Amino acid sequence: MSSKDWIEKDYYAALGVDKSASSDEIKKAYRKLARESHPDHNPGDTGAEERFKTVSEAYAVLGDEKKRREYDEMRSLFGSGAFRRGARGAGQPGGMPFDVSDLFGGGAGGGDNRFSGGGFTDLFSSIFSGGGAGGPARPRGPARGRDVETEVALDFEDAVRGVTLPLTLRAPGVCDTCHGNGAKPGTQPVACPVCHGAGVTTRNQGSFSFSEPCRNCQGVGTIVEEKCPECHGTGGVTKTRTLNVRFPAGVADGQRIRLAGRGEPGERGGPAGDLFVQVKVRPDELFGRTGDDLTLNVPITYAEAVLGTDLRVPTLDGTVTLRVPPGTPSGRVLRARGKGVVRKDGRAGDLLVTLDVVVPAKVSDEARAALETFAAQTPPAAREHLDARVRRFS
Ligand SMILES: [Zn+2]
Ligand SMILES: [Zn+2]
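Per an unreviewed UniProt entry, the chain goes by Chaperone protein DnaJ and derives from Micromonospora tulbaghiae. Check the Sequence similarities (unreviewed entry) section of the UniProt entry for the chain; it says "Belongs to the DnaJ family." UniProt annotates the chain under Subcellular location (unreviewed entry) with the comment "Cytoplasm".

Quick look at the coordination of the zinc ion (ligand 1) now. Around the zinc ion (ligand 1), the protein supplies Cys175 (SG), Cys178 (SG), Cys228 (SG) and Cys231 (SG) as donor atoms, at distances of 2.2 to 2.4 Å. Mapped onto the polypeptide sequence, the residues donating to the zinc ion (ligand 1) form the spacing pattern C-x2-C-x49-C-x2-C. With a gap of 53 residues between them, Cys178 in the loop between strand 2 (163-174) and strand 3 (190-191) and Cys231 in the loop between strand 6 (222-223) and strand 7 (236-247) connect regions that are remote in the sequence. By relative accessible area, Cys178 is classed as buried at 5%.

Turning our eyes to something else, we now look at the coordination of the zinc ion (ligand 2). Summarising the metal site, the zinc ion (ligand 2) is bound by the protein donors Cys192 (SG), Cys195 (SG), Cys214 (SG) and Cys217 (SG), whose distances to it range over 2.2 to 2.3 Å. For the zinc ion (ligand 2), the four donor atoms in the first shell make angles of 102 to 115° at the metal, a pattern classed as tetrahedral. Along the chain, the residues donating to the zinc ion (ligand 2) are arranged with the sequence spacing C-x2-C-x18-C-x2-C. Note that Cys195 is positioned in the loop between strand 3 and strand 4 (200-205) and Cys217 in the loop between strand 5 (208-213) and strand 6, a separation of 22 residues in sequence. Accessibility assignment for this pair places Cys195 and Cys217 in one class, buried.

Overall, the coordinates contain two aromatic pairs when judged by the stated rule. Summarising the aromatic geometry, the rings of Tyr30 and Tyr59 are spaced 4.0 Å apart at their centres and angled 0° between planes, so their arrangement reads as stacked. Here Tyr59 lies in helix 4 (residues 46-62) and Tyr30 lies in helix 3 (residues 23-37), a separation of 29 residues in the sequence. Both residues of the pair, Tyr30 and Tyr59, count as buried. Positioned above the aromatic ring of Phe276, the side-chain terminus of Arg256 is 4.2 Å from the ring centre.

It is worth spelling out the pattern of salt bridges at this point. Under the defined criterion, the tally for this structure stands at 14 salt bridges. One salt bridge in this structure joins Arg161 and Glu157, with 2.9 Å as the shortest N-O distance. Within this pair, Arg161 and its partner Glu157 are both found in helix 8 (residues 156-161), separated by four residues, close to a single helical turn. Take Glu157: its relative accessible area is 33%, and that puts it in the partly exposed class. Linking Glu226 and Lys184 is a salt bridge whose minimum nitrogen-to-oxygen distance equals 3.5 Å. Of this pair, Glu226 sits in the loop between strand 6 and strand 7 while Lys184 sits in the loop between strand 2 and strand 3, and the two are 42 residues apart along the sequence.

A word on the sheet that holds strand 1 (residues 148-154). Pairing is mixed across the open sheet formed by three strands, whose spatial order is 1-9-8. Strand pairing shows two members of the sheet lacking a second neighbour, strand 1 and strand 8 (256-259), which therefore form its edges. Averaged over all neighbouring strand pairs, the angle between strand axes comes to 25°, with direction disregarded. Bridge count for strand 1 against strand 9 (residues 275-281) is seven bridges, and the pairing is parallel. Across the sheet, the residue bridging to Val148 is Leu275, located in strand 9.

Read from one edge to the other, the open sheet built from four strands follows the order 10-11-15-14, with strand pairing classed as mixed. A single partner strand is all that each edge strand has here, and the edge strands are strand 10 (288-290) and strand 14 (333-336). Across this sheet, the average inter-strand angle for adjacent strands is 35°, counted without regard to direction. Looking at chain direction, strand 10 and strand 11 (residues 293-301) are connected through three bridges and run antiparallel. Each residue of the ladder has a partner; that of Arg289, found in strand 11, is Leu294.

About the cut-offs
- Residues numbered from 1 in each chain as written.
- Chains lettered and ligands numbered in written order.
- Predicted model: local features only at pLDDT ≥ 70, side-chain atom pairs only at ≥ 80, totals over all residues.
- Heavy atoms only, no water.
- UniProt positions renumbered as here; feature names shortened; annotations may be inferred.
- Donors = N, O, S within 2.8 Å, 3.2 Å for Na, K, Ca; no water.
- Helix = DSSP H or I, 4+ residues; strand = E, 2+ residues; numbered from the N terminus.
- Buried < 20%, exposed > 50% of the residue type's maximum accessible area, 1.4 Å probe, protein only.
- Tetrahedral: all angles 85-135°; square planar, octahedral: opposite > 155°, others 65-115°.
- Phe/Tyr/Trp six-rings, centres within 6.5 Å; stacked < 30°, edge-to-face > 60°.
- Lys NZ or Arg CZ within 6 Å of the ring centre and 35° of its normal.
- Salt bridge = Lys/Arg side-chain N within 4 Å of Asp/Glu carboxyl O.
- Pairing = 2+ DSSP bridges.
- Axes fitted to C-alpha atoms, helices over the stretch in contact; angles between N-to-C directions.

Quick look at the structure:
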């Protein structure tokens, strides 16, 4: 393990923990990842073997208070220099000081993604706390909780009028039954008989001796004899929480709503992350929407277009009568003011009614006779502007 390793490798990301994680949290994250990627559990899986090595290497440093301090120091020194270098190629991935796969790759292997955002947080906090263009430096404090992304489908009318909906979010958390130690209530994890609680075993090879995480206890130092029935010995469970989220009137399909401080809670009193809700609006069978205007297509007959009529059409919360003046062309848009989306501040869109002259596929003999009479008394449609082009081909 060289200092280059230390600079290039993000051991926190490898274990999926925050930089401010306690030694217990580090131990627990390591225990979980080591168990998942252990070669004994994944025979022949070289990917798992690689992960197991990475995780073990990370724990060898972070699990040792003295080494961890040295590692932190080296990383923060390098990080500040790296920021200046990165700033030159602003926005260029090439300007990134670290191998990005190192930052993001580590913790995500086990399907438990709770911590896999750690790489992002670390990367961006090191960029933004470096000063310069990024605004005032953020003081280091307890870790901020993760941002949470979720998606919600709203009914068309709810989106127009605004609605408050309960939103259920799932996130991994510590098992309440065993408080995360994985042991059945009333029992305790016991010291591992192989490593006698050290968590590491030593292997001699030639003149070298290698320490490696104990395979019996996956480096934890303890084993669980009777598993907690709630979490099956993993110490973690999926927790759900429910939030009431207010969607304002006029929220649009594709809009992303940010609820500050409604993401995951921070660690040890740190500020909570934000909740981002991506909105999908289900289409309505009658109405469409353009911004704050509602749209509606209304078929009318040729006679209605020629003679004029009054049309009673639905709005979202009632009806409105629109005057179709005599001689209205097909495609004309009539406007019912204020019958669209009404915003909280009172601004309102309109209902835009597009008139669609329909042509009957069949007519009665009487209607045909009347239409022929009508045609005989009507000047032909103005098509002179087409004649020159038609003549070119005749
Ligand atoms: Zn449990
Ligand atoms: Zn052991």
